[in-house]
Amino acid sequence: MTEEIRIQKEVQIQAPVKLVKDTILDTENYPSFLHPFRKSYVHESEEGYSDVLFHAKVLMFPIQFRMHTQIEGDSIIRFHQISGYFEKLEGTWTLEDKGQLTNLKFDANFKMPPRAIPTLIKACKDHFFPELIVFFQNEIQKRIKASA
């Protein structure tokens, strides 16, 4: 039986909170800027909410999972898996407006299926989830340069 793993990361991004929020909510385009994400299929999408099936690759392992992503208030974006590879996957993005900076916090809990390969568990724990915040940070910087 695998244990539940918690990932917490925090960065300050030199970007307005609206741009950070819009980038995180741009779930259908994740494959264009989140390296491990290969494809996305939108089941439902409206302002502040999406239901998307993702195909990703972690190391050489293909995984898929369907996620609900929804904004709550001005500063929290909540996500959770409704079906797919993980036994459990849920978390939040918390945005704090600091004027010219946005403090972005990523907090996720996941549990691998019972027969998950130890190499895959380690890759998800050490790379796949922790590096998501870096991919978002890079995309936000690209969007700032493109709008300048």
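See above for the structure.
Quick caveat, the model's predicted, so the values are computed rather than measured.

Visitor: Describe empty space enclosed by the protein, with residues and values.
Guide: Under the criterion given, the structure shown has 1 cavity of 30 Å³ or more. Every residue lining the largest cavity is counted, 18 residues in all, and those nearest its centre are Tyr30, Phe37, Met67, Phe79 and Leu132. By residue number, the principal contributor to the lining of the largest cavity is strand 4 (residues 61-72), which donates 3 residues. Taken together, the residues of the lining of the largest cavity break down into 16 nonpolar, 2 polar and no charged.

Visitor: How would you explain the side chain of Thr27 if you had to name every residue and give the values?
Guide: Relative to the helices and strands, Thr27 resides in the loop between helix 1 (17-24) and helix 2 (30-33). For Thr27, a relative accessible area of 3% translates into the label buried.

Visitor: Describe the nonpolar core, naming the residues involved and giving the relevant values.
Guide: Phe65 and Phe129 are the most contacted members of the largest nonpolar core, which totals 43 residues. Setting aside residues no more than four positions away along its own chain, Phe129 makes contact with Ile7, Phe86, Leu89, Phe106, Phe110 and Cys124.

Visitor: So what's going on with helix 3 (residues 118-128)? Residues and values would help.
Guide: Looking only at helix 3, the buried set comprises Leu120, Ile121, Ala123, Cys124 and Phe128. Viewed end-on, helix 3 has its buried residues packed into an arc of 165°, placing them on one side of the element. With respect to the buried face of helix 3, the exposed residues turned more than 90 degrees away are Pro118 and Lys122. Where helix 3 is buried, its residues meet strand 1 (4-13), strand 2 (37-46), strand 3 (49-58), strand 4, strand 7 (101-111) and helix 4 (132-147).

Visitor: Go over the packing of helix 1 against helix 4 with me, naming the residues and quoting the values.
Guide: Each pair of packed helices gets described by two things: the angle between the helix axes and the distance between those axes. Contact pair helix 1 / helix 4: the axes reach a minimum separation of 10 Å and the direction vectors enclose 120°. On the basis of their axis angle, the class for helix 1 and helix 4 is oblique. The way helix 1 lies across helix 4 gives a crossing that is right-handed. On helix 4, the residues that touch Leu19, Val20, Asp22, Thr23 and Ile24 of helix 1 are Phe136, Glu139, Ile140, Arg143 and Ile144.

Visitor: Could you give me a rundown of the packing of aromatic side chains, with the residues and numbers involved?
Guide: Inspection of the entire model under this criterion finds 18 aromatic pairs. Relative to Phe106, the ring of Trp93 lies with its centre 4.5 Å away and its plane at 40°, an arrangement referred to as tilted. With Trp93 in strand 6 (residues 88-98) and Phe106 in strand 7, this pair connects stretches of sequence that are 13 residues apart. By relative accessible area, Trp93 is classed as buried at 4%.

Visitor: I'd like a description of the environment of Leu120, backed by residues and values.
Guide: Inspection of the secondary structure puts Leu120 in helix 3. Judged by relative accessible area, Leu120 falls into the buried class, the value being 3%. The contacts of Leu120, once residues within four sequence positions are left out, are Val58, Phe61, Tyr85 and Met112.

Basis of the calculations
Residues numbered from 1 in each chain as written. Predicted model: local features only at pLDDT ≥ 70, side-chain atom pairs only at ≥ 80, totals over all residues. Heavy atoms only, no water. 1 Å grid on protein atoms, 1.4 Å probe; cavity = no way out; pocket = protein on both sides within 12 Å on 5 of 7 lines; lining within 4 Å. Points joined across faces, edges and corners; volume = space filled by probe spheres on them. Helix = DSSP H or I, 4+ residues; strand = E, 2+ residues; numbered from the N terminus. Nonpolar A, V, L, I, M, F, W, Y, C, P; charged D, E, K, R; others polar. Buried < 20%, exposed > 50% of the residue type's maximum accessible area, 1.4 Å probe, protein only. Core = buried A, V, L, I, M, F, W, Y, C linked by side-chain atoms within 4.5 Å. Contact = heavy atoms within 4.5 Å. Arc of directions from axis to C-beta. Axes fitted to C-alpha atoms, helices over the stretch in contact; angles between N-to-C directions. Parallel < 35°, antiparallel > 145°, perpendicular 65-115°, else oblique. Left-handed = near helix turned anticlockwise from the far one by under 90°. Phe/Tyr/Trp six-rings, centres within 6.5 Å; stacked < 30°, edge-to-face > 60°.

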